[in-house]
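Here is what each chain is made of, one letter per residue.
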Amino acid sequence: MTYFLENAWHPSPAPEGTWTLTLTNLSDAPLKDFKLSLTSITRIMPEHELTGATFLRRDANFHELAPIDDTPIQPGDSWTFSVTGINRSPFHRNDAAKTAWVTDASGTHTTVQVGDLMHADQSPARPVSRLPEGRLTLPFALLPWPNEIEATGNAAPVILHAASGTTVDHKREMLAVGALHRRLFPTCKRLFQLSPTPGSRAVGFADDQAISDEGYKIEFGDQITISASTNEGRRYALIALAQMMHGAFTDLELQFPASGTISDAPRYDWRGCHLDVSRHFWSYDEVLRVIDMLAWHKMNIFHWHLTDDEGWRAEIKAYPELTQTGATRGADVPNMLPQLGDGAAARHGYYTQDQMRAVVVHATSLGIEVMPEIETPGHAAAVLAALPFLVDPDEPANSYYPVQGYFNNAWNPAVPETFAVLDKIFDEIAEIFPSKYIHIGGDEVAHNAWLTSPMAKALMEKEGLQGTFELQSWFLKKVKQMLTARGKTMVGWNEIAHGGGVPPEDTLLMAWENPKVGIELAGKGYDVVMTPGQAYYLDMVQGTDWLENGAGWAGPVPPEQTYNYEAEGDFPSELRGQMRGVQACIWCEHFTTRQWFNDLVFPRLSAVAEAAWTQKDNKDWLRFARQVRLHPEL
């Protein structure tokens, strides 16, 4: 370690307070002729006061500063500077510099170790328990909990085998669930085989068309019999058996049913989970494992957030620049500077079309539909860096920015090439992803976007549009027509309804800002998936302690809050049919490692899965808390 950066925050002057940073030289040589770069979700705003430093530039979460004079920092000495005029008061220890480096006169970058954000009013550190000890109601590992179960337990069999007369297809289904378990828990005992062996127990299959598409029934006797009407139902029944076998093998208090029945079917049709791979890139193998975890939790929608300001991750053969330029960030990369959690070294990552097709095949084999997201019109900084011909050349730079701080980051509806590019992108995306849904974003466009673009102003005058959100609505109606022509249904975030909105027919919206928004959208005729940040955003901190990990804009979201949130909530009975289901969202600004992922995602992903499957009257927080520790991890 040669350099260390400390962060401190003081709440005055109100409302945002003062951010103070101290860089200490722990090397053996003076530090001179350098610049300090850092990434931080607490950002220095255009209107600010800086003491002790010169502010060189900012790009969203990237900041570059320098000392106010050329005096070298001697070994053991420090440089301190302070700023007022930040975007908001920080919430937790993560809300200042995440990464930092110094760049000398030759352009060489040296990593700086960074400390947590400190402030004067924080309490002494105390361990935080996110789950109570809990208790078992029945001695079986089942998550989500089934909606009807009556069974008595005993020791688990050595293994489960296919009953005599089992078809080849059903044997394949059994072994596929066994392979899922093996991928998630590679050191655990195997669960299924084809032939009987001493101590094993037979599993047979029956067709019952009276059972709903995703439902199943399991009868436990001398032979275990699974009844279902579809492959999905049989798969969910086999996963239930696999969970109970796994629990009995790994927890001394858990057993396997000796007799009884389970009759089950999901509460909601849409049981989704979103994964942001733009802010932090997750490898192809990691994406497959996320899908495996969703399958283990009986979730059926994988919402793949492939593009955002920070990176374009989907190979588009018509525009290779999108993944050559738009998928790389680094201190020496023009127009794509490091963001939260990045160091100076270039980071590059995207999925080839063959990989995306393979993800679809893998997910489909587990009953999961893959819905891609291509962000429009906002969150497009990576697109505009890769395809600069999409920018109005007469629009002043840095004339607007949304909440994340990216300047001029929206597709411009008035640039003729905009829709030609989107046409080719949607052609390729629609061919790769058979899902009838394509998510187009539609969120967080700056309130004054395009208002300094001569081309956009001319378009607004021609079309009789007033302001940003009417132009956004005009843009999204065009996008909806493009998707409809390809046989796809538009999905977007709740802001799609702004500025008059797109027609609610064949449009599905996701209510994320707060639960009330979902009810309002349903009242306007939209079908809605509930994914409010206050319950289902898995990047939120899980407690009030300053030392917690995660984001804080939606307030602390402890696991119990996620579990107990009822998405139907205050929905009037006449609108409940438009509430399609629920979805977890895994936003990755704060996620830089698997350890961060696991710390924030679990146990809340499991809580969303149970809320999606298990009827309200069958939920039990203490039972859930006792069992959820058996979840797999990334």
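Whatever comes next refers back to the structure up there.
Just so it is clear, the model here is predicted, and its values are computed rather than measured.

Right, let's talk about the sheet that holds strand β14 (residues 216-220) for a bit. With mixed pairing, seven strands are arranged side by side in an open sheet as β10-β16-β14-β15-β13-β11-β12. In this open sheet, the two edge strands, each paired with only one partner strand, are β10 (148-154) and β12 (192-193). Summarising the sheet, β10 and strand β16 (residues 256-264) pair through seven bridges and their orientation is antiparallel. Each bridged residue has a counterpart across the sheet, and for Ala151 the counterpart in β16 is Gly260.

This brings us to the packing of aromatic side chains. On inspection of all chains with the given rule, the structure shows 26 aromatic pairs. Considering the side-chain rings of Tyr401 and Phe407, the 5.4 Å spacing of their centres and the 75 degrees angle between planes classify their relative orientation as edge-to-face. Above the ring of Trp596, the side-chain terminus of Lys98 is found at 4.9 Å from the ring centroid.

Let us now look at the nonpolar core. Generally speaking, nonpolar side chains in soluble globular proteins are found buried as a group. Core analysis: the largest hydrophobic core is formed by 135 residues, its most contacted members being Ile218, Leu241, Leu275, Trp282, Phe302, Trp304 and Phe597. The greatest single-element share of this core, amounting to nine residues, is contributed by helix α2 (residues 231-250). In this view, Phe302 contacts Cys273, Leu275, Val287, Val290, Ile291, Leu294, Ile368, Glu369, Val370 and Met371; residues no more than four positions away in its chain are not counted. Trp19, Leu23, Leu36 and Leu65 belong to the second-largest nonpolar core, a separate cluster that totals 25 residues.

Given a rise of 1.5 Å per residue, 16 residues ought to cover 22 Å, and the 23 Å separating the end C-alpha atoms of helix α7 (residues 417-432) matches this to within 8%. For α7, the secondary structure elements touched by its buried residues are β20 (311-312), α4 (321-324), α5 (353-365), β23 (369-376), β24 (437-441) and α9 (467-485).

The next thing to look at is the side chain of Lys298. Inspection of the secondary structure puts Lys298 in the loop between α3 (284-296) and β18 (301-305). Here Lys298 occupies a buried position and makes no salt bridge, while the nearest side chain of opposite charge, Asp264, is found at 4.3 Å. Once you skip the residues sitting within four places of it in the chain, Lys298 turns out to touch Pro144, Tyr216, Tyr236, Ile239, Ala240, Asp264, Arg271 and Trp613.

This brings us to α5. Taking 1.5 Å as the rise per residue, α5 with 13 residues should run 18 Å; its terminal C-alpha atoms sit 18 Å apart, in good agreement. Those residues of α5 that sit buried are Gln353, Met356, Val359, Val360, His362 and Ala363. Of the surrounding elements, those touching the buried residues of α5 are α1 (168-184), α3, β18, β23 and α7. Just past α5, the residue Gly367 takes up positive phi, approximately 80 degrees.

As a further point, take unusual backbone geometry. The step from Ser12 to Pro13 runs through a cis peptide bond, and the omega angle for that step is -5 degrees. Its place among the elements puts Pro13 in the loop between β1 (3-10) and β2 (18-25). Note the cis peptide between Leu143 and Pro144, where omega equals 5 degrees. Within the secondary structure, Pro144 is located in the loop between β9 (109-119) and β10. One non-glycine residue with positive phi stands out, namely Trp450, at about 75 degrees.

Let us look at the sheet that holds strand β28 (residues 579-586). One closed barrel accounts for eight strands, arranged β17-β18-β23-β24-β25-β26-β27-β28; its pairing is parallel. On average, adjacent strands in this sheet sit at an angle of 30 degrees to one another, irrespective of strand direction. Inspection of the sheet shows β18 paired to β23 by five bridges, in the parallel sense. Of the residues in β23, the one forming a bridge with Phe302 is Val370.

Most of β23 is tucked away, with seven of its eight residues classed as buried. The pairing of β23 with β24 spans two bridges and is parallel. When the sheet's bridge partners are listed, Glu373 is paired in β24 with His439.

This next bit is on the pattern of salt bridges. This structure, assessed with the given rule, holds 31 salt bridges. Linking Glu589 and Arg279 is a salt bridge whose minimum nitrogen-to-oxygen distance equals 3.1 Å. Pair noted here: Glu589 is in the loop between β28 and α13 (594-601) and Arg279 is in the loop between β17 (270-276) and α3, with a separation of 310 residues, a long-range link. Taken together, the salt bridges that share partners define one network made up of Arg267, Glu566, Glu568, Arg576 and Lys619.

Throughout the structure, instances matching the rule amount to zero disulfides. The closest cysteine sulfur to the non-disulfide-bonded Cys585 is located on Cys273, 7.6 Å from its own sulfur. Residue Cys585 is classed as buried on the basis of its relative accessible area of 0%.

Moving on to the pairing of strand β15 (residues 224-228). Most of β15 is tucked away: five of the five residues are buried. Both faces of β15 are covered, namely the face carrying Ile224, Ile226 and Ala228 and the face carrying Thr225 and Ser227. The sheet contact formed by strand β13 (residues 201-207) and β15 spans five bridges and is parallel. From the neighbouring strand, Phe205 faces β15, where its bridge partner is Ile226. Both β14 and β15 contribute to a ladder of four bridges, which runs antiparallel. Note that in β15 the partner of Lys217 across the bridge is Ser227. Two successive antiparallel strands, β14 and β15, enclose a turn made up of three residues.

How each quantity is defined
- Counting restarts for each chain, with residues numbered from 1 along the sequence as it is written.
- Residues qualify for local features only when their pLDDT is at least 70, as the model is predicted, and side-chain atom pairs are given and counted only at 80 or more; totals for whole chains, interfaces and linings, by contrast, use all residues.
- Each side-chain value is worked out from all heavy atoms of the structure, with water and hydrogens disregarded.
- The criterion for strand pairing is that DSSP finds at least two bridges linking the strands in question.
- Strands are runs of DSSP state E lasting at least two residues, helices are runs of H or I lasting at least four, and both sets are numbered from the N terminus onward.
- A pair of aromatic rings is counted whenever rings of Phe, Tyr or Trp (Trp by its six-membered ring) have centres within 6.5 Å, and the orientation is called stacked for planes under 30 degrees apart, edge-to-face for over 60 and tilted otherwise.
- Charge-over-ring placement is defined geometrically: NZ (Lys) or CZ (Arg) within 6 Å of the ring centre, and within 35 degrees of the ring normal.
- Buried residues of nine kinds, namely Ala, Val, Leu, Ile, Met, Phe, Trp, Tyr and Cys, make up a nonpolar core once their side-chain atoms join them within 4.5 Å.
- Any residue under 20% of the maximum accessible area for its type is buried, any over 50% is exposed, and the rest in between are partly exposed; the area is computed with a 1.4 Å probe on protein chains only.
- Every residue pair with non-hydrogen atoms within 4.5 Å of one another is taken to be in contact.
- One less than the residue count of a helix, multiplied by 1.5 Å, gives the span that helix is expected to have.
- Positive charge is attributed to Lys and Arg, negative charge to Asp and Glu, and no charge count is given to His or to the chain ends.
- Salt bridges are defined as contacts in which a side-chain nitrogen from Lys or Arg sits within 4 Å of a carboxyl oxygen from Asp or Glu.
- Lines are fitted to the C-alpha atoms to define the axes, a helix being fitted only along its stretch in contact, and any angle between axes, read from their N-to-C directions, falls within 0 to 180 degrees.
- Disulfides are defined as cysteine sulfur pairs within 2.5 Å.

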